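A structural walkthrough
Listed below are the residues making up each chain.
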Amino acid sequence: DDTITCTATATDSDGGSDSDSDSVTVGNSAPEVTSVSVIPSTGVTSSTTLTCTATASDDDGDTPVLSYVWTNDDLGDVLGTGTTVDLDPAYAQPGETISCTATATDDDGGTDSGSDSVTVGNTAPVITSVSITPSTGVTTATTLTCSATAEDEDGDSPTLSYAWANATDGTSIGTGASLTLSTATSSPDDTITCTATATDADGGTDSGSASVTVDN
């Protein structure tokens, strides 16, 4: 906001003179955000801690102050301010876009903004246990029940499916949580396996298995 004045003076050969002047006011040059980046840019899950970094310049020689705002672009929600944000399944689900907007402000109130964004990827579920009951005293007429548990960091409730196989002869012998053995599907000393598969809402899967041996 400085005022710059130019004064012109005319002087003749006899020493007479006259002066006049004109002035201009120096306006503010707004800062410029030159880069914004969110780290990490890949491999982001619903529980990742994100960091936003930005740089800015100012033709007036100021050092702009940088501020940050995080948003979920799909929901329109503000997730936080500052250089970092801790994602949570409550407000960051697979497929959603998380943006950081950096704003540079100079000493005279001039501003400029820039942004960068990342997409939340899916975290596959994890099978935490698989068990078959009964686990002993199994005959070729026993009804077996397979049970499994699974968890998902995205907050999903994975769907569980079950597949039974006679591991001894390599045949598939059924699906579902329960299976009644018969002489057509099992023989003494055969190993019967249940494979449980957990599938989340985004198609991520994980599998685990348990086995029993048919008594002689």
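1. A closer look at the side chain of Thr71
With respect to the element layout, Thr71 can be found in strand 5 (residues 65–72). Note on Thr71: relative accessible area 19%, which makes it buried. At 3.1 Å, the side chain of Thr71 forms a polar contact with the side chain of Asp73. Other than its neighbours up to four places away in sequence, Thr71 contacts Asp77, Val78, Leu79, Thr97, Ile98 and Ser99.

2. Some words on the sheet that holds strand 3 (residues 32–39)
The 3 strands are arranged 3-4-7 in an open sheet whose pairing can be described as antiparallel. One side of each edge strand has no neighbouring strand; the edge strands of this open sheet are strand 3 and strand 7 (84–86). Between one strand axis and the next, the sheet turns through 15° on average, direction left out of account. By the bridge criterion, 3 bridges tie strand 4 (residues 49–57) to strand 7 in an arrangement that is antiparallel. Bridge assignment links Thr51 to a residue of strand 7, and that residue is Thr84.

Reading guide: rules and limits
Residues numbered from 1 in each chain as written. Predicted model: local features only at pLDDT ≥ 70, side-chain atom pairs only at ≥ 80, totals over all residues. Heavy atoms only, no water. Helix = DSSP H or I, 4+ residues; strand = E, 2+ residues; numbered from the N terminus. Buried < 20%, exposed > 50% of the residue type's maximum accessible area, 1.4 Å probe, protein only. Polar contact = N/O pair within 3.5 Å; in protein donor to acceptor, adjacent residues only side chain to side chain. Contact = heavy atoms within 4.5 Å. Pairing = 2+ DSSP bridges. Axes fitted to C-alpha atoms, helices over the stretch in contact; angles between N-to-C directions.

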